[in-house]
Amino acid sequence: MRAITMREFGGPEVLELADVPEPQPRAGYLPANVTCAGVNYADVHVRGNTYLNPVELPYIPGNEIVGTVDGGRRIAALTAGGGYAEKALVHRRVIWDIPDDVTDEQAVSLTLQGNSAWHLLFTAAQVTSGQRVLIPAAAGGVGSLAVQLAKSAGAKVVALASTEEKRHLAQDLGADAVVDSSTADELTERILEAAGGPVQAALEMTGGKTFHQVLGAVAPRGRVVVYGYAGGELANVPTRELMERSITLSGFWLPHLYSDRTALPTSMRALFAAVRSGDLRPVIGKAYGLGEAAQAHRDLTSRSQSGKLLLDTAH
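Here is a short report on the structure shown in this document. (Residues numbered from 1 in each chain as written. Predicted model: local features only at pLDDT ≥ 70, side-chain atom pairs only at ≥ 80, totals over all residues. Heavy atoms only, no water.)

**Observations concerning unusual backbone geometry**
Across the junction of leucine 57 and proline 58, the peptide omega takes the value -5 degrees, indicating a cis bond. With respect to the helices, strands and loops of the structure, proline 58 is situated in the loop between helix 1 (41-47) and strand 4 (64-69). In the Ramachandran plot, arginine 221 falls in the positive-phi region, its phi being about 65 degrees despite a non-glycine side chain. In this fold, arginine 221 is placed in strand 12 (residues 218-226). Since its relative accessible area comes to 69%, arginine 221 is described here as exposed. The backbone of serine 246 shows a phi angle near 50 degrees, a positive value even though the residue is not glycine. (Helix = DSSP H or I, 4+ residues; strand = E, 2+ residues; numbered from the N terminus. Buried < 20%, exposed > 50% of the residue type's maximum accessible area, 1.4 Å probe, protein only.)

Now the structure itself:
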């Protein structure tokens, strides 16, 4: 089968299209014919050997797919790697049947990024109606879904986005206010002005100076949930500042929910229902051929594309 294989860590150029053996059957897993695979920042960290869970080379990246099992059953699934391929093994616990009126592109956007957005907001940040919530990268895969989910829950959504086009998209998705995140300079003040005061909850995935600027905009007893460091720089945690305002700081990594028998089924039901009702509109970005994985990674890290990026295994 064709697959994207990493034989070394490094830049996008290490993502090579190759013919490799099909995955061997394993207890608890189903073989899937992959239709499309999602492209995520987690894959970038895997490629650069900075992922939370180190991988062994050679390695096929990709943690979410849409495809078919059992001779045609259409499913979305999470994987522990192996998604950038024509065939993958998927564990029975993290497979969901796709409703007929949900497209493959919509389904793949919900699998990793949709579940992440839902649990970041409602499990980790505990966002409720009437609260101000700050959402970064609001035109991206997780951010664009989080904006809509938070708005549907009755929160006041303050969205961060790096370009005018992306800020317009965030507003179209329901953001109450938008803030230019292309620079971290005076970001705290700009968030406070846009939000009309401190926010009760903030999601954070940039790191470095941006983390500290976001923290400065959080209200006493507010919550900050960290789920990445896309800027490439980890932030030192200012313990004194957390105590002075009784701020709760937590980390989030979706794989810790994979073994929970209720968490992901609950969120997937809610996400599919929201798409079917029209309350949630996944922003579908560019589709690349399987052999274009390197370019997909370049576009993701340069933030030149909005919405969900995916690999189409048929091309």
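**Side note on the sheet that holds strand 12**
Picture the strands of a sheet paired through backbone hydrogen bonds; they go either parallel or antiparallel. Read from one edge of the open sheet, 6 strands run 10-9-8-11-12-13, paired in parallel fashion. In this open sheet, the two edge strands, each paired with only one partner strand, are strand 10 (177-180) and strand 13 (248-251). Geometrically, the sheet is characterised by an average inter-axis angle of 15 degrees between neighbouring strands, direction not taken into account. Looking at chain direction, strand 8 (residues 132-135) and strand 11 (residues 199-204) are connected through 2 bridges and run parallel. When the sheet's bridge partners are listed, leucine 134 is paired in strand 11 with alanine 202. (Pairing = 2+ DSSP bridges. Axes fitted to C-alpha atoms, helices over the stretch in contact; angles between N-to-C directions.)

**Some thoughts on the pairing of strand 5 (residues 73-78)**
The pairing of strand 4 with strand 5 spans 6 bridges and is classified as antiparallel. Of the residues in strand 5, the one forming a bridge with threonine 68 is arginine 74. Counted between consecutive antiparallel strands, the loop separating strand 4 from strand 5 contains 3 residues, among which aspartate 70 sits at a positive phi close to 50 degrees. Inspection of the sheet shows strand 5 paired to strand 7 (residues 95-97) by 3 bridges, in the antiparallel sense. Paired with alanine 77 across the two strands is isoleucine 95, which belongs to strand 7.

**Brief notes about the packing of aromatic side chains**
The geometry of an aromatic ring pair is captured by the separation of the ring centres together with the interplanar angle, meaning the angle of the planes. Following the criterion strictly, the structure yields 2 aromatic pairs and no others. For the ring pair tryptophan 118 and phenylalanine 122, a centre distance of 5.4 Å and an interplane angle of 70 degrees mean the geometry is edge-to-face. Here phenylalanine 122 and tryptophan 118 lie together in helix 2 (residues 104-124), a separation of 4 residues that amounts to about one turn. For the cation-ring pair, arginine 26 lies above tyrosine 29, with the distance from its terminal atom to the ring centre recorded as 4.3 Å. (Phe/Tyr/Trp six-rings, centres within 6.5 Å; stacked < 30°, edge-to-face > 60°. Lys NZ or Arg CZ within 6 Å of the ring centre and 35° of its normal.)

**Considerations on helix 3 (residues 141-152)**
For helix 3, with 12 residues, the first-to-last C-alpha span of 17 Å sits near the 16 Å given by 1.5 Å per residue. Buried residues dominate helix 3, accounting for 10 of its 12 residues. Buried residues of helix 3: Gly141, Val142, Gly143, Ser144, Leu145, Ala146, Val147, Gln148, Leu149 and Ala150, and no others. Looking at the buried positions of helix 3, the neighbouring elements they touch are helix 2, strand 8, strand 9 (156-161), helix 4 (164-172), strand 11 and helix 8 (263-277). Glycine 154 occupies a position one or two residues after helix 3 and carries a positive phi of about 90 degrees. (Expected span 1.5 Å × (residues − 1). Contact = heavy atoms within 4.5 Å.)

**So, the side chain of asparagine 63**
Note on placement: asparagine 63 falls in the loop between helix 1 and strand 4. The exposure class of asparagine 63 is buried, given its relative accessible area of 6%. A polar side-chain atom of asparagine 63 sits 3.0 Å from the main-chain amide nitrogen of glycine 81. Each residue touching asparagine 63, except ones within four places of it in the same chain, is listed here: Ala42, Asp43, Tyr51, Ala77, Leu78, Thr79, Ala80, Gly81 and Leu112. (Polar contact = N/O pair within 3.5 Å; in protein donor to acceptor, adjacent residues only side chain to side chain.)

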